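Here is what each chain is made of, one letter per residue.
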Amino acid sequence: MILDRVGIRSRIAGGSLIIAILISIAAGIVINTQIERIVRAGTVAVLVSDAAPYVVALQTEPGESFDSPGLSQLVAVVDANGKVDLNTLPASLTGMLADIVRTSDTRIVSAGPAQYLVRAIPVDVSGETWHVVSARGAGPETTVLGQMRLLLIGGLALIAAGVAVSAWLLTSVSLGPVRRLRAKAETLTDSFSTELLPVGRSDDEIARLARTLNDLVTRLRESASRERQLVSDTSHELRTPLAILRTQLELARIESSSITQLVDDIRGAEKSAARLSALLGSLLELSSIEAAGSRANATAIELEREADAAAGRARYRAMRDEVDVHYHGQLSNEADQPNFPMTAEDFGRLLDNLLSNSLAAVQTVGTVTVQLDVDPQRLLLTVSDTGGGLPREFEAHALDRFSRSDDSRARGSGTGLGLAIVAAIVKNAHGTITLANDPGIGLSVAILVPSSGTDTDTGDLDVDLDLDEVDLRRRESP
């Protein structure tokens, strides 16, 4: 459309001009009607004034002769029989007196090339009706009306143009901050600056737009930074297993002197390939979670079933070791289940990662406890273990990508993405994660997720993680 190619200023100025023209036309019609009424009322007053002396004379001195009217006055007195006693009307009007006296309204009469405004006033004289006819040329009235109309049209046209110009200027001033925002945005696009768009001091629509754009810029920068960090971390993490795999394959090709040594080298290569596969799988999983954002809701009973199933999977994995996996699920009211902003699949994935970390921490002897508490406002999941906890210096980085403690690196277990996947799932569900770490004893991870429709600010919800209480719960576990 043509409007799509027209700027905002032109749209507003053009729209204001059209509206001003329409209003001017309506106002012009009303004002012109009033002007015509006022001018005609003035003319009628003059005609009545010209006829007044003769009306008074007929009413007070009906038998007396009439004084001659002024030079510019056109007056005629007609008796009840149609006889004209006084006449200063033009000859063209005189022949129309019989028709004129039939009406007492003021009207325009065409007499030859000229037009006259005439008025016949009936007067009762001794029971008989006389008429006093007064007339004026229509030219002066037409001239006055023409001048007033020209003045009216010019004034309304000037007002409409003024409205359009004012709209253009006001729009230009109002769009000034937008132009500055665009110029600044172009500058930020062409540079790697950490600056943000300027926000005006007034809390208007443009300031709110600037704040929204700044939020967008911040999120985009954070996303770009995460992508760069991901590429850097991935390159770093892939370099070592690839180098090991390559070395093992070269040794298998060059130095293997027996079938047994060749098999050992191939097994080592298989372990490196499995680690690469697990790393790439975790990366794809993390990327899909972050790209998906908030997904469909799941009911509390669905999440409780998934938690029970995840505990069962962990219990099956720990069968060969002296590791106890306990699960405690509690729903506030099974008849009225709240919904939570995560799928049962994501909840199971979250639990699998937490339980894998706990099983790796306790190794062959220990206890892992899963506690699920649900009420209409929130879901609280706690996964605790007796695996000795985390080093103090590692706590701040536990949720980062590719972060692994020295013990995990020494054991060669994990990819450093398990807790990062958990954090991404919880973030998408608008939840929070709390770590209660007691080095040498164990670790508890609490996840708090508000129910759908609840304020996503979980700061006012009670999360009190006490490792003594966790230990007590473990001892009471059957």
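Residues numbered from 1 in each chain as written. Predicted model: local features only at pLDDT ≥ 70, side-chain atom pairs only at ≥ 80, totals over all residues. Heavy atoms only, no water.

Caption draft 1: Here's a closer look at the overall build of the protein. Of regular secondary structure, the protein possesses 12 helices and 12 strands. A buried classification covers 36% of the 478 residues belonging to the protein. Relative to all contacts within the protein whose residues are 6 or more apart in sequence, the contacts with residues 24 or more apart total 64%. Accessible area for the protein stands at about 27500 Å²; split by element, carbon and sulfur atoms hold 56% of it. (Helix = DSSP H or I, 4+ residues; strand = E, 2+ residues; numbered from the N terminus. Buried < 20%, exposed > 50% of the residue type's maximum accessible area, 1.4 Å probe, protein only. Contact = heavy atoms within 4.5 Å. Areas by Shrake-Rupley, 256 points an atom, 1.4 Å probe, with all protein chains shown as cover.)

Caption draft 2: Local environment of the nonpolar core. One finds Phe347, Leu350, Leu351, Leu381 and Ile447 to be the most contacted residues of the largest nonpolar core, which totals 40 residues. The element contributing the most residues to this core is helix H9 (residues 344–362), with 7 residues. If sequence neighbours within four positions are ignored, Phe347 has contacts with Leu303, Glu306, Ala307, Met342, Leu372, Leu379 and Leu381. Counting residues in each nonpolar core, the second largest holds 15 residues, with Ala76, Leu89, Leu93 and Val133 among its members. (Core = buried A, V, L, I, M, F, W, Y, C linked by side-chain atoms within 4.5 Å.)

Caption draft 3: Structural context of the environment of Arg305. Here Arg305 shows up in helix H8 (residues 300–317). Overall, Arg305 belongs to the exposed group, its relative accessible area being 55%. Here the alpha-carbon distance between Arg305 and Gly348, two residues 43 residues apart in the chain, equals 9.4 Å.

Caption draft 4: Region of the structure containing a nonpolar patch on the surface. A cluster of nonpolar side chains, contributed by Leu17, Ile18, Ile21, Leu22, Ile25 and Ile29, occupies part of the molecular surface with about 560 Å² of accessible area. Within the secondary structure, Ile25 sits in helix H1 (residues 8–60). (Patch = residues over 30% accessible without salt bridge, like charges linked within 9 Å, V, L, I, M, F, W, Y side chains within 5 Å. Salt bridge = Lys/Arg side-chain N within 4 Å of Asp/Glu carboxyl O.)

Caption draft 5: Quick look at H1. For H1, spanning 53 residues, the distance from its first C-alpha to its last is 75 Å, which sits close to the expected 78 Å at 1.5 Å a residue. The largest bend in H1 amounts to roughly 40° and is located at Ala51, with the proline Pro53 lying one to four residues further along. (Expected span 1.5 Å × (residues − 1). Bend = angle between axes of the 7 residues up to and from the residue.)

Caption draft 6: Looking closely at the sheet that holds strand E5 (residues 128–137). A sheet is described by the order of its strands in space; here 5 strands give the open sequence E2-E1-E5-E4-E3, paired in antiparallel fashion. Looking at which strands have only one partner, the edges of the open sheet turn out to be strand E2 (84–87) and strand E3 (107–111). Shown here is a sheet whose adjacent strand axes are inclined to one another by a mean of 25°, direction ignored. Where strand E1 (residues 74–78) lies against E2, 3 bridges are found, and the strand directions are antiparallel. The residue bridging Ala76 from the neighbouring strand is Asn87, located in E2. (Pairing = 2+ DSSP bridges. Axes fitted to C-alpha atoms, helices over the stretch in contact; angles between N-to-C directions.)

Caption draft 7: Fine view of the pattern of salt bridges. Under the definition given, this model contains 10 salt bridges. Arg102 serves as the salt-bridge partner of Asp99, at 3.4 Å between the closest nitrogen and oxygen. The exposure class assigned to Arg102 is exposed, which follows from its relative accessible area of 65%. Across the pair Arg313 and Glu306 runs a salt bridge whose closest N-O atoms are separated by 3.3 Å. Through salt bridges with shared partners, a single ionic network connects Asp99, Arg102 and Arg107.

Caption draft 8: Inspection of the pairing of strand E9 (residues 365–374) at higher detail. Here E9 lies mainly inside the structure; 9 of its 10 residues are buried. Taken together, E9 and the strand that follows it, strand E10 (residues 378–385), pair antiparallel across an intervening segment of 3 residues.

Caption draft 9: Representation of the packing of H8 against H9 within the structure. Two numbers describe how H8 lies on H9: the axes approach to 9 Å, and their chain directions differ by 30°. Accordingly, the angle class assigned to the pair H8 and H9 is roughly parallel. By crossing handedness, the relation of H8 to H9 is classed as right-handed. Residues Glu302, Leu303, Glu306, Ala307, Ala310, Ala311, Arg313, Ala314 and Arg317 of H8 pack against Ala344, Phe347, Gly348, Leu351, Asp352, Leu355, Ser356 and Leu359 of H9. Here the residues of the contact of H8 with H9 sort into 10 nonpolar, 2 polar and 5 charged. (Parallel < 35°, antiparallel > 145°, perpendicular 65-115°, else oblique. Left-handed = near helix turned anticlockwise from the far one by under 90°. Nonpolar A, V, L, I, M, F, W, Y, C, P; charged D, E, K, R; others polar.)

Caption draft 10: Fine view of the confidence of the model for the protein. Chain-level pLDDT for the protein is 79 on average; 79% of the residues reach the 70-or-more range. In this model residues 458–478 is a low-confidence stretch, pLDDT under 50, and it forms 40 contacts with partners more than four residues away in sequence or in other chains. (pLDDT = per-residue confidence, 0-100.)

Caption draft 11: Fine view of the packing of H9 against helix H11 (residues 418–428). Following both chains from N to C, one finds H9 and H11 inclined at 150°, their axes separated by 9 Å at the closest point. In terms of their interaxial angle, H9 and H11 are classed as roughly antiparallel. Of the two possible hands of crossing, H9 and H11 adopt the one that is left-handed. Contacts between H9 and H11 involve Asp346, Arg349, Leu350, Asn353, Leu354 and Asn357 on the former and, on the latter, Gly418, Leu419, Ile421, Val422, Ile425 and Val426. Its residues placed into classes, the contact of H9 with H11 shows 7 nonpolar, 3 polar and 2 charged.

Caption draft 12: View of the environment of Ala424. Checked against the element boundaries, Ala424 lands in helix H11. Along the chain, Ala424 and Leu399 lie 25 residues apart, while their C-alpha atoms are 9.5 Å from each other.

Caption draft 13: Highlighting unusual backbone geometry. Even without being glycine, Ser126 reaches a positive phi, approximately 55°. Here Ser126 is to be found in the loop between strand E4 (114–125) and E5. Within the chain, His430 stands out as a residue other than glycine whose phi angle is a positive 60°. Within the secondary structure layout, His430 lies in the loop between H11 and strand E11 (432–438). Judged by its relative accessible area of 37%, His430 is partly exposed.

Caption draft 14: The pairing of E5, seen in detail. Strand direction decides the pairing type here: E1 and E5, joined by 5 bridges, are antiparallel. Looking at E5, one finds that Ala76 is bridged to Val133. Both E4 and E5 contribute to a ladder of 10 bridges, which runs antiparallel. Residue pairing in the sheet places Val125 in a bridge with Glu128 of E5.

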